[in-house]
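Chain residues, written in single-letter form:
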Amino acid sequence: MINISEISLRFADKVIFDNVSIFIRDTERIGIVGDNGTGKTTFLRSLMNDVYLDKGSIEIRSGKTIAYLSQEATELPEITVLEFMRNSAHITEIEAEIKSLEKQISVSDHESSEYIQVLKQYENILHEFDIKNGYSFDSEAKRILSGLGFKDDDFSRSCTEFSGGWKIRINLAVVLSKNADILLLDEPTNHLDSESMEWLESYLRDHQGAILTVSHDRRFLDKMVSKIIELKKGKFNIYSGNYSFYLKEKERRLEALKKEYEAQQGEIKRIQDFIDRFRSKASKAPQVQSRIKMLEKFDVIELENESKKIKIKFPDSTKSGNEVVKVRDLAKSYGELKVFENINFTAYRGEKIAVVGKNGAGKSTLFKIVFGETEPTAGNVEFGLNVIPAYFSQESSENLNAERNIWEEIQSCGSSENDTKLRSMLGAFLFSGNDIYKPISVLSGGEKSRMALLKILLSKSNLLILDEPTNHLDTATKNLFQEALLNYEGTIIIVSHDRFFLDELANKVYEIKDGALKIIEGNYSYYIEKRAQADSQAVQIQTSEKEENKTAFKSKDQKRAEADRRNQMHKETKYFKEKLEKTEAEIETYEVRKAEIESLLSGGLEHDYETTMSLSREIGNIEVQLAYKMDEWADLNEKLEEKLKASE
């Protein structure tokens, strides 16, 4: 569907794409990963023809539609959310044209050629309206908006009333409503709460076309993609699996490359030793010259210089009492708007607590009250013995001293780390070289947030209250910071949309829902499991009530027909399940053999030309068969899902 052929792109001295090619099939789900600045967003924009390439071509099959979500908030018009969605899909425009044509038809002479022409236009525009699901567009748009966390009364609010994060949600809703053949999603989960993320994942699973997404959300990539394209040094490194597979396979490939490098270096040394030993002997001149030419023809393997890994840890601090913070009968209202009430909990030393809930549920408000930045309407907060709290929010950047530069601001923390370590930590937080002398006043919002977070990391504390701390961090920096949190000996209360990390960190979950607090003992996955069970039970109760009402009026013939239909459906689903199992087993066999061949090829067969060529041909055939079997698996899986849905 998308043929990317030998594309190259350079910005000044920086190579973005270096003669890379790839073919993307109709239903592929691809995650785009790479360090900051490697060209992930540029790659998506090039597919939209928004980037002028230096070389190569991108061909998209004729008739295929594309929808692109930018990670940046854009200015939206001063119209309602629903109107904006209708305008973006051209629904309002088409409706106006339909009405205009209907008016022309009503006044035209039915015998005239003008009438025939208008009627043809009318048929065409109705067909276009039908293709765009115009008749059900409003209900589908509202369903999408609700899934992304909007309330019913938000549909009629002006787009300009929403914050940047909510504007990105509106743009995401527009992209999804287009039902395009190709979805290009740049950080789609960045501003979503956990429930909206799960809804989005469910929605995208049903999407019939291709999806290419840039995301730092490991859980999202694990659940949504079956291929990873890693952008590195202008090249595409392809991994046929999800993000977890990519991490393991990347490590395996690196180890294999190291072995191949060591074997090649040994061979180079052996040849060079022969040259050095017999260079001055005339009788050995032909052999020496032969080996010199052999060295010149070597495609020398280069290993990347492994960057020195910096270790970040919070400074040691005084041990707090066992009861770190007590919250009793807490309530908060803004006029008639009640955020929450009757909130009670005690956080104990060493606990790692994840606070979850929909956007607007009151998570940030609770944090501000606990830290003393906002007064509660009722109730109180009490810190325990020797508690030293540190608080991070998106507004923490406002506490930086605008008259200092970055280096001066970091030194003001009173950290015991030496200058070399401080510079390394600044580099890890993407402030390197002369950047550390930038004035605070000229930093972007994201840069200020990173600075505020680094200051917390350098300060002594035994209670961390963190509201979305990793929003502005790249993957490497986020991993460093999260590792520091995992080793933190104090108490942590955190809001984060990084579900994978919450699973690793949290041992307790506080859910704020409908103005109340529910405490779940366990990690984030356990909380999701319990929530899914509760939701499922609620659906089952509703379904059971409906079925009872239906079966009360069913005849024997109707019941017999339904039983026959269920039996037939069982046979059909069993057939597809068996076919799927067989296909999965064949895929596994091919993948195991492919790994065996790759291991053999990296084990030093460079002198055995015939075996190397034979194995290379075999691995080529395997890759063709794998591609065919993966398509077959996707087709069978899709048909099975259709049968299962039909049986519900």
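Just so it is clear, the model here is predicted, and its values are computed rather than measured.

Peer 1: Explanation requested: the overall build of the protein chain in the structure shown.
Peer 2: In terms of regular secondary structure, the protein chain is built from 19 helices and 18 strands. Relative to its 648 residues, the protein chain shows a buried fraction of 40%. In the protein chain, the share of contacts with a sequence separation of at least 24, taken over all contacts with a separation of at least 6, comes to 68%. Accessible area for the protein chain stands at about 35900 Å²; split by element, carbon and sulfur atoms hold 47% of it. In the protein chain, which carries 93 positive and 111 negative side-chain charges, the distance between the mean positions of the two groups comes to 4 Å.

Peer 1: Is there a simple way to think about the nonpolar core in this case?
Peer 2: Judged by nonpolar contacts, the single largest core of 53 residues is most densely connected at Leu176, Leu183 and Leu204. If you tally residues by element for this core, the top one is helix α6 (residues 164-177), at seven residues. Among all residues touching leucine 204, those that are not within four sequence positions of it are Arg29, Leu176, Leu183, Leu185, Ile211, Phe220 and Met224. Core analysis: the second largest hydrophobic core is formed by 44 residues, Trp407, Ile410, Ile436 and Ala506 among them.

Peer 1: Before we go on, may I ask you to explain the domain arrangement of the protein chain in this structure?
Peer 2: Interface extent is often summarised as the accessible area lost during association of the parts. On domain assignment, one finds that the protein chain holds domain 1 (1-76 + 176-241), domain 2 (248-297), domain 3 (323-522) and domain 4 (556-646). Relative placement of domain 1 and domain 2: their C-alpha centres are 41 Å apart.

Peer 1: Looking at this structure, I do not really get the pattern of salt bridges. What am I missing?
Peer 2: Pairs can form between side chains of opposite charge once their charged atoms are near each other. Within the structure shown, the criterion is met by 36 salt bridges. Across the pair glutamate 447 and lysine 438 runs a salt bridge whose closest N-O atoms are separated by 3.8 Å. What makes glutamate 447 buried here is its relative accessible area of 19%. You can call lysine 438 partly exposed: its relative accessible area is 31%.

Peer 1: Would you mind showing me how to read the sheet that holds strand β9 (residues 235-239) here?
Peer 2: Strands sit in the order β5-β6-β7-β3-β8-β9 across an open sheet of six strands; the sheet is mixed. Either end of the sheet is taken by a strand with one partner, and the two such strands are β5 (66-69) and β9. With direction set aside, neighbouring strand axes in the sheet form an average angle of 15°. Note: strand β3 (residues 29-33) against strand β8 (residues 227-232), four bridges, orientation parallel. When the bridges of β8 are listed, glycine 31 appears paired with isoleucine 228.

Peer 1: Explain the environment of valine 300 to me, please; I cannot follow it from the model alone.
Peer 2: Here valine 300 is to be found in the loop between α10 (285-297) and β10 (323-334). Valine 300 gets classed as partly exposed once you look at its relative accessible area, which sits at 43%. The spacing of valine 300 and glutamine 265 is 35 residues in sequence and 8.6 Å in space, taken between C-alpha atoms. Among all residues touching valine 300, those that are not within four sequence positions of it are Gln264 and Gln265.

Peer 1: Even after reading the chapter, I still don't get the pairing of strand β18 (residues 516-521), so can you show me in this structure?
Peer 2: Side-chain positions along a regular strand alternate between the two faces of the sheet. The pairing of strand β17 (residues 508-513) with β18 spans six bridges and is antiparallel. Residue pairing in the sheet places tyrosine 510 in a bridge with isoleucine 519 of β18. Turn length for the β17-β18 hairpin, with the two strands adjacent in sequence and antiparallel, is two residues, and the turn residue aspartate 514 shows positive phi of about 55°.

Peer 1: Would you mind showing me how to read the packing of α6 against helix α7 (residues 194-205) here?
Peer 2: Between α6 and α7, the shortest axis-to-axis distance is 13 Å and the interhelical angle comes to 15°. With respect to α7, the axis of α6 lies roughly parallel. The two elements α6 and α7 meet at a crossing, and its hand is left-handed. Residues Arg169, Leu172 and Leu176 of α6 lie in contact with α7, whose contacting residues are Ser196, Trp199, Leu200, Tyr203 and Leu204.

Peer 1: Quick question: what am I supposed to make of the sheet that holds strand β12 (residues 352-356) here?
Peer 2: Sheets are built from strands paired through backbone hydrogen bonds, the pairs being either parallel or antiparallel. Here six strands make up an open sheet; going across it, the order is β14-β15-β16-β12-β17-β18 and the pairing mixed. At either margin of the open sheet sits one strand with a lone partner, and together these are β14 (389-392) and β18. Mean inter-strand twist for the sheet, computed between neighbouring axes without regard to direction, equals 15°. When β12 meets strand β16 (residues 491-495), the two strands line up parallel, connected through three bridges. Residue pairing across strands places isoleucine 353 opposite isoleucine 493, the latter belonging to β16.

Peer 1: Would you explain the packing of aromatic side chains in this entry?
Peer 2: When we look at a pair of aromatic rings, we describe it by the centre distance and by the angle of the planes. Tallied over the full model, the rule gives 15 aromatic pairs. A centroid spacing of 6.1 Å and a plane angle of 75° characterise the contact between phenylalanine 17 and phenylalanine 43, whose relative ring orientation is edge-to-face. Taken together, the residues phenylalanine 17 in strand β2 (residues 14-24) and phenylalanine 43 in helix α1 (residues 40-47) connect sequence positions 26 residues apart. The class for phenylalanine 17 is buried, based on a relative accessible area of 2%. Chaining the aromatic ring pairs together yields one cluster made of Phe17, Phe43 and Phe236. The residue whose ring lies beneath arginine 291 is phenylalanine 274, and the NZ or CZ to ring-centre distance is 4.0 Å.

Peer 1: Explain helix α9 (residues 243-278) to me, please; I cannot follow it from the model alone.
Peer 2: Residue pairs three or four apart in sequence face the same way in an α-helix, which turns once every 3.6 residues. Compared with the 52 Å implied by 1.5 Å per residue over 36 residues, the 52 Å span of α9 between its first and last C-alpha is a close match. Taken as a whole, α9 has its buried residues at Tyr243, Tyr246, Glu249, Ala256, Gln264, Glu267, Ile268, Ile271, Phe274, Ile275 and Phe278. Between the side-chain oxygen of the N-cap and the backbone nitrogen of serine 244 there are 3.3 Å, and the N-cap of α9 in question is asparagine 242.

What counts and how
- Residues numbered from 1 in each chain as written.
- Predicted model: local features only at pLDDT ≥ 70, side-chain atom pairs only at ≥ 80, totals over all residues.
- Heavy atoms only, no water.
- Helix = DSSP H or I, 4+ residues; strand = E, 2+ residues; numbered from the N terminus.
- Buried < 20%, exposed > 50% of the residue type's maximum accessible area, 1.4 Å probe, protein only.
- Contact = heavy atoms within 4.5 Å.
- Areas by Shrake-Rupley, 256 points an atom, 1.4 Å probe, with all protein chains shown as cover.
- Lys, Arg positive; Asp, Glu negative; His and termini not counted.
- Charge placed at Lys NZ, Arg CZ, Asp CG, Glu CD.
- Core = buried A, V, L, I, M, F, W, Y, C linked by side-chain atoms within 4.5 Å.
- Domains from an automatic or database assignment.
- Salt bridge = Lys/Arg side-chain N within 4 Å of Asp/Glu carboxyl O.
- Pairing = 2+ DSSP bridges.
- Axes fitted to C-alpha atoms, helices over the stretch in contact; angles between N-to-C directions.
- Parallel < 35°, antiparallel > 145°, perpendicular 65-115°, else oblique.
- Left-handed = near helix turned anticlockwise from the far one by under 90°.
- Phe/Tyr/Trp six-rings, centres within 6.5 Å; stacked < 30°, edge-to-face > 60°.
- Lys NZ or Arg CZ within 6 Å of the ring centre and 35° of its normal.
- Expected span 1.5 Å × (residues − 1).
- Polar contact = N/O pair within 3.5 Å; in protein donor to acceptor, adjacent residues only side chain to side chain.

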